[in-house]
Amino acid sequence: MDPVWIEQSQEIIGYKFKDTSLLKQALSHSSAVDQREESNERLEFLGDAVLGFVICHETFMRFPDFEEGDMTKVKSAVVSRRVCAEVAETLELHRILQVGKGMEGTTLPSSVTGAAYEAIIGAIYIDDGFDTARDFVLKTVGARIDDAASSTHQDNYKSVLQQVGQKMSGTTPMYAVLDEKGPDHAKCFEVAVELDGKRHPAKWGASKKQAEQLAALAALIALDLAVERDDGTIEIKEIQGE
């Protein structure tokens, strides 16, 4: 291996490998090797799993009020081919990625560079363990977790209302089912939410979860912290705490 290429590659990635053969494999597209198993495809497979776990774990730990659906949205927003390609472009992996002669001098597909990013994660995991791989993931996509969570948070009115309660009075919203109707397989529920001793307008929903979300939104509107626009979208205002 060219020592200049190794040094340049490690500088771009921001990690110095103990086993530089892992670096070479992670940056070898299948078009650049004689045997398929020498390409970065296996490391990409492993890196994809490590990336997904790190994002799931960080989301779980950072946002304890997020429900499963909210966490899934964050993962989907961060662990995607588009994001991997964007990170690869930011790192300029195209400068060091080894490709076959037919691809040299061309603009590499984003899928190729994005796969190399995941392969690097897998290679770092093999070279120095999970903690180092996690640090690399968070360094390269950590900010995107908060961005995705912020967007998801806006759609989770229960989460927003809980934040309101904590910031404004140190209290937690309490939800109560006031009524239910319909057969067992298709029940509707009427739910009201009480915050800081005040009960807000009750709302009906096709499930308890939906009714709670609608009740939370009603409370936010009543508190002048949310506005429903003419096009049906909801604007959440900035929450001022004590």
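Residues numbered from 1 in each chain as written. Predicted model: local features only at pLDDT ≥ 70, side-chain atom pairs only at ≥ 80, totals over all residues. Heavy atoms only, no water.

## Examining the nonpolar core
Right, so step 1: Counting residues in each nonpolar core, the largest one holds 46 residues, and the members touching the most others are Ile-13, Leu-51, Leu-93, Tyr-117 and Val-141.
Right, so step 2: Counting residues per element, the ones that place at least two in this core are helix H1 (3–13), helix H2 (20–26), helix H3 (41–62), helix H4 (68–78), helix H5 (81–91), helix H6 (110–128) and helix H7 (130–155).
Right, so step 3: Looking at which element gives the most residues to this core, the answer is H6, with 8 residues.
Right, so step 4: Core analysis: the next-biggest nonpolar cluster, separate from the first, contains 17 residues, Leu-161, Val-164, Ala-211 and Leu-217 among them. (Core = buried A, V, L, I, M, F, W, Y, C linked by side-chain atoms within 4.5 Å. Buried < 20%, exposed > 50% of the residue type's maximum accessible area, 1.4 Å probe, protein only. Helix = DSSP H or I, 4+ residues; strand = E, 2+ residues; numbered from the N terminus.)

## Re the environment of Ser-9
Right, so step 1: With respect to the helices and strands, the residue Ser-9 is situated in helix H1.
Right, so step 2: Residues Ser-9 and Glu-92, spaced 83 residues apart in sequence, show a C-alpha to C-alpha distance of 10.0 Å.
Right, so step 3: With residues up to four places along the chain from it excluded, the contact list for Ser-9 reads Leu-23, Leu-27 and Ile-96.
Right, so step 4: Of the polar contacts made by the side chain of Ser-9, one reaches the backbone oxygen of Trp-5; its length is 2.7 Å. (Contact = heavy atoms within 4.5 Å. Polar contact = N/O pair within 3.5 Å; in protein donor to acceptor, adjacent residues only side chain to side chain.)

## Some remarks on helix H9 (residues 208–222)
Right, so step 1: With 15 residues, H9 extends 21 Å from end C-alpha to end C-alpha; this agrees with the ideal 21 Å at 1.5 Å per step.
Right, so step 2: What H9 keeps buried is the set Ala-211, Glu-212, Gln-213, Ala-215, Ala-216, Leu-217, Ala-218, Ala-219 and Leu-220.
Right, so step 3: A positive backbone phi angle near 60 degrees is found at Asp-224, which sits one or two residues after H9. (Expected span 1.5 Å × (residues − 1).)

## Examining unusual backbone geometry
Right, so step 1: In the Ramachandran plot, Glu-92 falls in the positive-phi region, its phi being about 60 degrees despite a non-glycine side chain.
Right, so step 2: With respect to the secondary-structure elements, Glu-92 resides in the loop between H5 and H6.
Right, so step 3: The backbone phi angle of Asp-224 is positive, close to 60 degrees, even though this residue is not glycine.
Right, so step 4: Along the chain, the position of Asp-224 falls in the loop between H9 and strand S5 (226–228).

## Side note on helix H8 (residues 157–168)
Right, so step 1: For H8, spanning 12 residues, the distance from its first C-alpha to its last is 16 Å, which sits close to the expected 16 Å at 1.5 Å a residue.
Right, so step 2: Just beyond H8, the residue with positive phi is Gly-170, at close to 70 degrees.

## Remarks on the packing of H3 against H6
Right, so step 1: Two elements in contact, H3 and H6, have axes whose closest approach is 6 Å; the angle formed by their N-to-C orientations is 80 degrees. Our classification of the angle between H3 and H6 gives roughly perpendicular. Contacts between H3 and H6 involve Leu-43, Glu-44, Leu-46, Gly-47, Asp-48, Val-50 and Leu-51 from the former and Ala-115, Tyr-117, Glu-118, Ala-119, Ile-121, Gly-122, Ala-123, Tyr-125 and Ile-126 from the latter.
Right, so step 2: When grouped by side-chain class, the residues that make up the contact of H3 with H6 number 11 nonpolar, 2 polar and 3 charged. (Axes fitted to C-alpha atoms, helices over the stretch in contact; angles between N-to-C directions. Parallel < 35°, antiparallel > 145°, perpendicular 65-115°, else oblique. Nonpolar A, V, L, I, M, F, W, Y, C, P; charged D, E, K, R; others polar.)

## A short note on the packing of aromatic side chains
Right, so step 1: This model, assessed by the stated rule, comprises 4 aromatic pairs.
Right, so step 2: Pairing Phe-63 with Phe-66 gives two aromatic rings, centres 5.0 Å apart and planes at 20 degrees, and the pair type is stacked.
Right, so step 3: Using a relative accessible area of 16% as the deciding quantity, one classes Phe-63 as buried.
Right, so step 4: Look at Phe-66 and you get buried, because its relative accessible area is 7%.
Right, so step 5: Each ring, one from Tyr-117 and one from Phe-136, has its centre 5.9 Å from the other, and the planes form 40 degrees; the classification is tilted. Placement of Tyr-117 in helix H6 and of Phe-136 in helix H7 is noted, with a sequence separation of 19 residues between them. (Phe/Tyr/Trp six-rings, centres within 6.5 Å; stacked < 30°, edge-to-face > 60°.)

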